[in-house]
Amino acid sequence: MNAAVLQEYLPLYGKAALLTIRLGILGVLLSILTGLFCAAVQYLKIPLLKTIVRVYIELSRNTPLLIQLFFIYYGLPKIGIRTDPAVCGVAGLTFLGGSYMAEAFRSGLESIPPIQEESALSLGMTRIQAAVHVILPQALSVSVPAFVANVIFLLKETSVFSAVSLMDLMFTAKDLIGLYYDTTEALFLLVVFYLLMLLPVSILGSIIEKKVRYAGFGT
Amino acid sequence: MQALGLDVLFKGKNFLRLLGGLGVALKISLISVALSIPLGILLGILMTRRNRVLRAILRLYLEALRIMPQMVLLFLVFFGTTRALGWDLDGETASVIVFTLWGTAEMSDLVRGALISIPKHQYESAEALGLSKAQMHLYIILPQAIRRLVPLSINLITRMIKTTSLVLMIGVVEVIKVAQQIIEANRMVSPNGAFGMYLTVFLLYFIACFPISLLAGKLEKSFRE
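1. Here's the deal with the nonpolar core
Stage number 1. Counting residues in hydrophobic clusters, the biggest one holds 101 residues, and the most contacted among them are Tyr13, Leu169, Leu190 and Tyr194 of chain A together with Leu18, Ile176 and Tyr198 of chain B.
Stage number 2. Element by element, the count of residues in this core is highest for helix α1 (residues 3–44) of chain A, at eleven residues.
Stage number 3. Among all residues touching Tyr194 of chain A, those that are not within four sequence positions of it are Ser159, Asp168, Leu169, Met170 and Leu199 of chain A together with Met68, Pro69 and Val72 of chain B.
Stage number 4. Core analysis: the second largest hydrophobic core is formed by twelve residues, Val111, Ala126, Ala145 and Leu156 of chain B among them.

Put into structure tokens, the structure is as follows:
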């Protein structure tokens with residue numbers, strides 16, 4: 001391992017990591033919004049919309065992100081929808097993550113027995129009050145482990161972005177290996193940077209999971 | 001058809017080539033799954049042992065493989081072993097190695113989860129009835145653990161199939177690569193080929209994974225009741 005090479009590569013990886021983090025966070029946030037919307041549609045059983053959401057979830061969960069990105073980036077321009085790589089990456093991640101988040105929230109909602117809502121209603125709460133004060137706090141805490149797993153999964157999936165020529169960590173590593181053949185250094189930094197990004201999230205996730213359980217809500 | 005670029009699909013042997021590409025991806029995932037399941041079961045059982053050192057080592061293996069994106073693992077094995085060990089792996093072998101290592105880690109965690117989810121009184125009741133350790137595992141614990149495990153391991157298969165799409169990035173000629181070749185070859189006659197071909201590959205992946213997901217969902221429901 002050559003220290004001079006590491007030093008030379010470091011700024012490049014830093015820049016790439018920032019891009020990955022930026023797009024990753026944006027994608028995760030949009031996935032959460034999409035997931036909440038889909039879970040609400042399914043919970044409220046809105047006709048038609050419910051079917052569309054179901055089809056979307058199955059399509060998104062049963063196909064890899066790589067082909068989703070290829071379709072958005074190379075396929076859609078042929079019918080006039082052109083996106084730049086960053087928008088494409090976030091759109092792809094949201095398309096994938098929305099369904100995973102929806103499933104996490106839905107399983108949380110489904111785990112709450114109907115008697116909870118019935119009791120809330122019989123106490124004179126409105127449906128909205130019951131949802132906000134009784135159902136959601138319990139459902140969300142049940143969803144936490146799946147939610148945390150999804151966040152980590154989505155951040156890892158950003159490594160596919162390099163396929164649509166986004167200058168992320170993967171792209172940088174591949175580029176440097178191709179240019180200078182300093183394979184060991186390039187791969188070492190790749191692993192280090194992914195660890196720096198993912199370990200804190202993973203640790204934070206397990207702390208949150210414990211906190212939620214400690215509060216006596218979850219399973 | 002021309003505008004959507006679907007015409008390319010029916011030219012010559014294009015569709016068959018595409019299916020062949022899908023076959024390569026499926027082959028890599030099935031070999032990896034076939035290796036991961038027995039290895040994962042073994043590691044999963046070992047993870048429930050009381051030996052602290054063993055458990056720590058297995059835990060480290062699991063976490064290390066889980067936290068890294070699979071693409072990074074592919075790069076490590078494909079490019080890393082060439083430099084560090086002088087191996088000259090072809091893309092497919094490197095992929096099978098990576099996905100087996102990763103699949104084993106995931107499977108072992110599923111097995112561990114299934115085993116520790118069996119309530120303690122099941123073990124105690126078995127002992128109280130005078131069953132030997134082997135009888136206890138064979139007749140009481142395993143049948144219950146397997147019920148929980150089957151849907152989860154079937155899910156692992158679809159995850160494996162989806163993840164093998166990454167082998168494109170280390171130069172394996174699989175379904176997306178074949179689609180690229182077809183698009184390039186027909187660039188002049190069918191400039192919109194990219195739309196039709198990538199849509200087809202998207203749907204092919206869906207057709208490969210959806211039935212397996214359905215099966216897993218059905219089994220999960222029936223086991224819960």
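Structure's up, so let's keep going.
2. Topic: a nonpolar patch on the surface
Residue and element names in this part refer to chain A.
Stage number 1. Together, Phe37, Tyr43, Leu44, Ile46, Leu48, Leu49 and Ile52 line one region of the surface with nonpolar side chains, adding up to about 660 Å² of accessible area.
Stage number 2. For the nonpolar patch, the secondary-structure elements that each account for two or more residues are α1 and α2 (49–61).
Stage number 3. Counting residues per element, the nonpolar patch draws most heavily on α1, which supplies three residues.
Stage number 4. Relative to the helices and strands, Phe37 resides in helix α1.
Stage number 5. Using a relative accessible area of 48% as the deciding quantity, one classes Phe37 as partly exposed.

3. Thoughts on the packing of aromatic side chains
Stage number 1. Evaluation of the coordinates by the stated rule reveals 14 aromatic pairs over all chains.
Stage number 2. Three or more aromatic residues joined by ring pairs form one cluster here, namely Phe70, Tyr73 and Tyr74 of chain A together with Tyr198 of chain B.
Stage number 3. Stacked on the ring of Tyr100 of chain A, the Lys or Arg Arg61 of chain A has its end atom at 4.7 Å from the ring centre.

4. A look at the packing of helix α1 (residues 14–47) of chain B against helix α4 (residues 91–116) of chain B
Any two packed helices are characterised by the angle at which their axes cross and by the distance between the axes.
Residues and elements named next belong to chain B.
Stage number 1. At a minimum axis separation of 6 Å, α1 and α4 run at an interaxial angle of 40°. Between α1 and α4, the crossing angle belongs to the class labelled oblique. In the packing of α1 onto α4, the handedness of the crossing is right-handed.
Stage number 2. Along the lines of polarity and charge, the residues of the contact of α1 with α4 split into 15 nonpolar, nine polar and three charged.

Each value, and the rule that gives it
Residues numbered from 1 in each chain as written. Chains lettered and ligands numbered in written order. Predicted model: local features only at pLDDT ≥ 70, side-chain atom pairs only at ≥ 80, totals over all residues. Heavy atoms only, no water. Core = buried A, V, L, I, M, F, W, Y, C linked by side-chain atoms within 4.5 Å. Buried < 20%, exposed > 50% of the residue type's maximum accessible area, 1.4 Å probe, protein only. Helix = DSSP H or I, 4+ residues; strand = E, 2+ residues; numbered from the N terminus. Contact = heavy atoms within 4.5 Å. Patch = residues over 30% accessible without salt bridge, like charges linked within 9 Å, V, L, I, M, F, W, Y side chains within 5 Å. Areas by Shrake-Rupley, 256 points an atom, 1.4 Å probe, with all protein chains shown as cover. Salt bridge = Lys/Arg side-chain N within 4 Å of Asp/Glu carboxyl O. Phe/Tyr/Trp six-rings, centres within 6.5 Å; stacked < 30°, edge-to-face > 60°. Lys NZ or Arg CZ within 6 Å of the ring centre and 35° of its normal. Axes fitted to C-alpha atoms, helices over the stretch in contact; angles between N-to-C directions. Parallel < 35°, antiparallel > 145°, perpendicular 65-115°, else oblique. Left-handed = near helix turned anticlockwise from the far one by under 90°. Nonpolar A, V, L, I, M, F, W, Y, C, P; charged D, E, K, R; others polar.

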